[in-house]
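Structural overview for review
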Amino acid sequence: MDNALNKLEKQLSTQKLINGVLLGGLVALGALQLYQASAPKVFDEISVERINIIEKSGFNRMVLANSERSPGVDKYGKEVWRSEEARPGMIFYNDEGTENGGFVFRGHKKDGQVDHGLHISFDRYNQDQTLMMQHIEQGDYQLSGLTVMDRSDQEMDFAKVREYLEASKAGDTATAEAIYAQLEKDKQLGTYRAFYGTLNGDAKLQLHDTDGNKRIQMVVTESGEAKLEFLDEKGQVILRLPEGTN
């Protein structure tokens, strides 16, 4: 009897040891999996059509996408506008999940004509772009420069902009013009205040008043002529230096 009990105790001790080793192994394996799940992943190369960088709230902070998967315009985390024109590149969002700028780019040649552009912009809160750096080539038109705009403190009225685009596309000129006039009156379209860059070969610095009228212009033309102009609110030159230049 004693021998049988001793044998049974040894078997139980052995089984406990085996169980302990298995349990320790399972704990170690679980810990390893948790570590691997939270550890940063390293890739030599990755090919994707879209990457969303999000906050804990689920709101986008930044989206990188190709043409087909480029995002619409988000406001408070919900899409409120989607243009027919794709926006391949990188879109930025504020803390509330609302778009507030981005870097988009495109370019191709069709029937011998270049249509090429790169554009980085920063928006006013719940409005549109106020600071833009861009390079554009479209046929004979070429621009490279920095543009500053004023934007209304009223939130962008995307519904009204959509109405304008739909009326224009349908050929309803009267409705489109009426909507455009209202958008312009409400300063929803923005007002140009400053430009520095080159336009079709001329280097320019232009300053505008709060109504968007050009008031000061400094130019060095493609041929090398330099001039400084002061203009009234109607665009008429009131002083040009040097005098006698065109």
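With that settled, the discussion passes to the pairing of strand 9 (residues 141-150). Where strand 8 (residues 129-138) lies against strand 9, eight bridges are found, and the strand directions are antiparallel. By the bridge assignment, Leu131 is partnered in strand 9 with Val148. Counting the residues that bridge the hairpin from strand 8 to strand 9 gives two residues, and of these Gly139 lies at a positive phi of roughly 60°. Looking at chain direction, strand 9 and strand 10 (residues 191-199) are connected through eight bridges and run antiparallel. Within the sheet, the bridge partner assigned to Ser144 lies in strand 10 and is Thr198.

Here we come to a nonpolar patch on the surface. Together, Phe122, Leu131, Met133, Leu146, Val148, Tyr196, Leu205, Leu207 and Met218 give the surface a local cluster of nonpolar side chains, amounting to about 790 Å² of exposed area. Put simply, the parts of the chain that give the nonpolar patch at least two residues each are strand 8, strand 9 and strand 11 (202-208). Structurally, the position occupied by Met133 is in strand 8.

Okay, the sheet that holds strand 8 next. Here twelve strands make up an open sheet; going across it, the order is 1-2-5-6-7-8-9-10-11-12-13-14 and the pairing antiparallel. In the strand order of this sheet, the two ends are held by strand 1 (50-54) and strand 14 (237-241), each with one partner. Neighbour-to-neighbour, the strand axes of the sheet open up by a mean angle of 15°, direction not taken into account.

Quick notes on the rules
- Residues numbered from 1 in each chain as written.
- Predicted model: local features only at pLDDT ≥ 70, side-chain atom pairs only at ≥ 80, totals over all residues.
- Heavy atoms only, no water.
- Pairing = 2+ DSSP bridges.
- Helix = DSSP H or I, 4+ residues; strand = E, 2+ residues; numbered from the N terminus.
- Patch = residues over 30% accessible without salt bridge, like charges linked within 9 Å, V, L, I, M, F, W, Y side chains within 5 Å.
- Areas by Shrake-Rupley, 256 points an atom, 1.4 Å probe, with all protein chains shown as cover.
- Salt bridge = Lys/Arg side-chain N within 4 Å of Asp/Glu carboxyl O.
- Axes fitted to C-alpha atoms, helices over the stretch in contact; angles between N-to-C directions.

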